[in-house]
Each structure stands twice: as C-alpha cells, then as structure tokens.
Amino acid sequence: MKKTYINMTKGKNSDSCERPEKQARLEPGPLLNSRGELSQAGYATSLVKAYDRNRIKAGAMRIKEWDYYLIYNERYGAALTLDDNSYMGLASISLLDFEKQTEYTSSPMTAFPMGRTGFPASSAKGDVSLERKNIRMSFRHEGEKRILEGEMDKFHKGLPIRLRFELSEEPEDSMVIATPFPEKRTAFYYNQKIIGMKARGQAEFGGQIYEFRPEDSFGLLDWGRGVWTYHNTWYWSAAMGRAGDGEFGFNLGYGFGDTSAATENMLFYNGRAHKLGTVTFQIPGEEEGKPEFMKPWNVFSSDGRLKLTFTPVLNRSACTSAVLILSDQHQIFGHFDGIAVLDDGTEIQVSHLMGFAEKVRNKW
C-alpha cells in the first residue's frame, strides 16, 4: 500500500518516503585483509564474512569479544553476558521486573583473560563457558537450540540466582554489520544481532521463580568481535513481539564507528529483514546536556519509514569509573507505539511493543 509519511528530520510532511540511502552489502570472504584492516565495510543478514582472531594486527590488549543474550516478556526479563576484553573479562547476570520496576545486576570481572575465554569465531556453532569460585555460565548449541545457563552464588544481597533458557526458532535473517573506525585502520567492529528467537526457561531468585514460555517470551543475541578505539558513545534499541498479523521486531543503532557504508537499522517481520536508513533517538533534555531518560522519547528514521514513541518503564543504569576505564550505561526498557513500513510499503501498526533503548558511553 502507498502512504503519506512524515519526514521527521525536516519537521514537515513529505508526499512519499525519501529515496533509500545506498548501503553496501557485504560479500562472502575473510573479514580482515593481510594488513588487519576490514576487507569491506557494510551490512548483511548473516555472517558472510569469516572472523579470524589471528588476522588482527592491532595490539593484543585492544581485542574485544563478547556474547550478550537478553530474554524477556511483558512482565520480566533476564540478561546474560560473557565478555573477554583482553585486559578485562566480565560475566554478568541481570534480572529485570517490569511490573515492580526493579532490576538487579552483578558483573564480576577478571583481569587479563587475553582471549583465553575461548569465544568461537561464529555465532552459528561453538560454545563458550566460564567457571570460577562463585559463578558458572555457559552458552552452548544443542541441535537448533541455544542453551543458556548461569549460576551466581552471591547475586544480590548475598542471595544466589540460577537461570536456564532454551532459545529456538531462530529467524532466517539477522542484522550483521562490519564497521571501521576512521581514527585507526586496524580497528573494526563485526556485530550480529539475532532478533526474535522464542524463549523457554526460568530464573530462580529470592524464593521466586520467573517463568518464560515461548508463547510470549523472546530472546535476542548481541554477538560482537572487534578492536575498538578508546572512547565511544553509542545508541542502541531493539524490540520483539507481535504486530500486524505476524512476528515483528527491529534493531536500531548509531554513533559507533564509521557507518557511512551501511547502518545497523533493520525491521524484522516473520523472520525476514527490511533495511532502514539512519535513525535518531530524541531523548528529552539531551540537547541541553541533561537527558531525562524516563520521559517519552521519539525514535524515527531518515527515510520516513519508522516513527515511534518510546515510553520508558525501567532504567537499568550503571556507571563504572576506575582510573582509565569509564562505562556510563542507561538501558531503558519500555513500550514502543507508532508505525513501521516494510520494504514493499506495507505499514505495520506498532502498539505497546516491549523493548529497550539505550545510550552508553565508554572509555576502555
């Protein structure tokens, strides 16, 4: 169907969507060339580029590898992260209760893992695990399922937490992007976001069992490998659920590296990707340097195909500052309302869709 869309970047009506921005599609082959530089910048819907840690030419202390899983429904959520930043490793668990508006996070760190965590070169196969005195976590493949397990003996107020999830029905398409950094030719970011897997499992904490069923619970994977520059700020948003007559979700982001070749902005409908141009998150008060994260945001794309209002429910914030390391994070969970337009012009009405939007500033 053909519609009249609002071009929010100009603040006035437009008779049609803007002409789509030309974006580079990744071709199969090695991710890095012989000089340790990205062989190509761009996007794909699967991991067509082969990541090989041995091809990296940057300093060993700058390599970053991680897997981040988020599982949630309308009532609560859980996040599990394993991270090897070479000079610092991290194992993190978060428990989110949207109805009570509470969140608990514990992220024990280790010094100088230097790649020994053993992250696989692809998200499609290979497992990763960590076991220390007070924490045990593993992400593994069993057939077409992903099995996530975590135990932390002293998660919050000395109480333990135990989690186990099965993620299945992985969508056909995902968001994949290879991003360079103009400041350093051997710096890069290779990232995949798998949006909208079905989730089954539970988290047990404080005498309560948090149940997740595939009828209304979803999981996403943020898979990343790369070499970053020291100081970065990024904006990221994702959501998954039902809209229109099918499964709907999106991945939106900007601010991180040089995205002139391609953005990471995609809509997903019944497992297929629909590419967007650039996006903007309008956070109240941000232009004055005083962001009010818990007030409604506007989220829109430059091509006129996305116009959303984001109403916050819960702020999972954390700030770590230690000499040369700074991490200031605001991951806001809430509901999205508005419209999204697929590649063929079909307009999807988005209503009370649970997801998140975040702003993160790092020096590390």
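Before any of the text, the structure's been laid out above.
A short tour of the structure in this document, coming up. All figures in this text were calculated on a predicted structure; none of them were measured in a lab. (Residues numbered from 1 in each chain as written. Predicted model: local features only at pLDDT ≥ 70, side-chain atom pairs only at ≥ 80, totals over all residues. Heavy atoms only, no water.)

A look at the overall build of the protein chain
When you go through the protein chain residue by residue, the secondary structure sums to 0 helices and 27 strands. Here the C-alpha radius of gyration of the protein chain, 20 Å, is about what a compact globule of 364 residues would show, namely 21 Å. The principal-axis extents of the C-alpha atoms in the protein chain amount to approximately 60 × 55 × 45 Å. Among the 364 residues that make up the protein chain, the fraction classed as buried is 54%. Within the protein chain, counting contacts between residues at least 6 apart in sequence, those at least 24 apart form 56% of the total. Approximately 16100 Å² of the protein chain is accessible, and the part contributed by carbon and sulfur atoms is 48%. Counting 46 positive and 47 negative side-chain charges, the protein chain places the averaged centre of each group 5 Å from the other. (Helix = DSSP H or I, 4+ residues; strand = E, 2+ residues; numbered from the N terminus. Rg over C-alpha atoms; globule rule 2.2 N^0.38 Å. Buried < 20%, exposed > 50% of the residue type's maximum accessible area, 1.4 Å probe, protein only. Contact = heavy atoms within 4.5 Å. Areas by Shrake-Rupley, 256 points an atom, 1.4 Å probe, with all protein chains shown as cover. Lys, Arg positive; Asp, Glu negative; His and termini not counted. Charge placed at Lys NZ, Arg CZ, Asp CG, Glu CD.)

A closer look at the packing of aromatic side chains
Within the structure shown, the criterion is met by 28 aromatic pairs. Where Trp228 meets Trp234, the ring centres are 5.7 Å apart and the plane angle is 80°; that geometry is what we call edge-to-face. Residue class for Trp228 comes out buried when judged on its relative accessible area of 6%. Overall, Trp234 belongs to the buried group, its relative accessible area being 17%. Three or more aromatic residues joined by ring pairs make a cluster, and in this case those are Tyr235, Phe248, Phe250, Tyr254, Phe281, Phe293, Trp297, Phe310 and Phe336. The ring centre of Tyr76 lies 5.2 Å from the NZ or CZ of Arg75, which sits over that ring. One residue, Lys275, lies across the ring of Tyr43, its end atom 5.0 Å from the ring centre. (Phe/Tyr/Trp six-rings, centres within 6.5 Å; stacked < 30°, edge-to-face > 60°. Lys NZ or Arg CZ within 6 Å of the ring centre and 35° of its normal.)

Comments concerning the pattern of salt bridges
Side-chain pairs of opposite charge can arise where the charged atoms are in close proximity. Applying the stated criterion to the full structure yields 23 salt bridges. A salt bridge links Arg272 to Glu172; the shortest N-O distance between them is 3.7 Å. Linking Arg272 in strand S22 (residues 272-275) with Glu172 in the loop between strand S14 (159-168) and strand S15 (175-181), this pair joins segments that are 100 residues apart in sequence. Judged by relative accessible area, which is 41%, Arg272 ranks as partly exposed. Overlapping salt bridges, with partners in common, bring together Arg140, Glu142, Lys145, Glu149, Arg164 and Glu166 in one network. (Salt bridge = Lys/Arg side-chain N within 4 Å of Asp/Glu carboxyl O.)

Some points on the nonpolar core
Ranked by internal contacts, the top residues of the largest apolar core, which has 106 residues, are Leu70, Ile71, Phe188, Leu220, Phe248, Phe250 and Phe336. Broken down by element, this core gets its largest block of residues, 10 residues, from strand S16 (residues 184-205). (Core = buried A, V, L, I, M, F, W, Y, C linked by side-chain atoms within 4.5 Å.)

Some details on the side chain of Arg225
Following the sequence through the fold, Arg225 ends up in strand S18 (residues 218-227). For Arg225, a relative accessible area of 0% corresponds to the buried category. Of the polar contacts made by the side chain of Arg225, one reaches the backbone oxygen of Trp66; its length is 2.8 Å. (Polar contact = N/O pair within 3.5 Å; in protein donor to acceptor, adjacent residues only side chain to side chain.)

Let's talk about the pairing of S15
The buried fraction of S15 is high, at 6 of 7 residues. Here strand S4 (residues 42-44) runs beside S15; their pairing, made up of 3 bridges, is antiparallel. Bridged to Ala44 within S15 is Val176. One ladder, built from 7 bridges, connects S15 with S16; its direction is antiparallel. Among the inter-strand pairings, Ile177 is bridged to a residue of S16, identified as Asn191. (Pairing = 2+ DSSP bridges.)

Thoughts on the environment of Trp66
With respect to the helices, strands and loops of the structure, Trp66 is situated in strand S6 (residues 63-72). Under the relative-accessibility criterion, Trp66 is labelled buried at 8%. Trp66 has contacts with Leu82, Asp83, Phe119, Tyr189, Asp222, Trp223, Gly224, Arg225 and Trp228, leaving out every residue within four places of it along the chain. Polar contacts involving the side chain of Trp66 include one to the side chain of Asp222, which spans 3.5 Å.

A closer look at unusual backbone geometry
Backbone geometry at Gln101 places phi at a positive 60°, although glycine is not the residue there. Tracing the sequence through the fold places Gln101 in the loop between strand S8 (88-97) and strand S9 (102-106). A relative accessible area of 51% means that Gln101 is categorised as exposed. A positive phi angle, near 55°, is found at Lys157, a position not held by glycine. Here Lys157 lies in the loop between strand S13 (145-156) and S14. For Lys157, a relative accessible area of 75% gives the class exposed.

So far we have only geometry, and geometry alone does not tell us how the molecule works.
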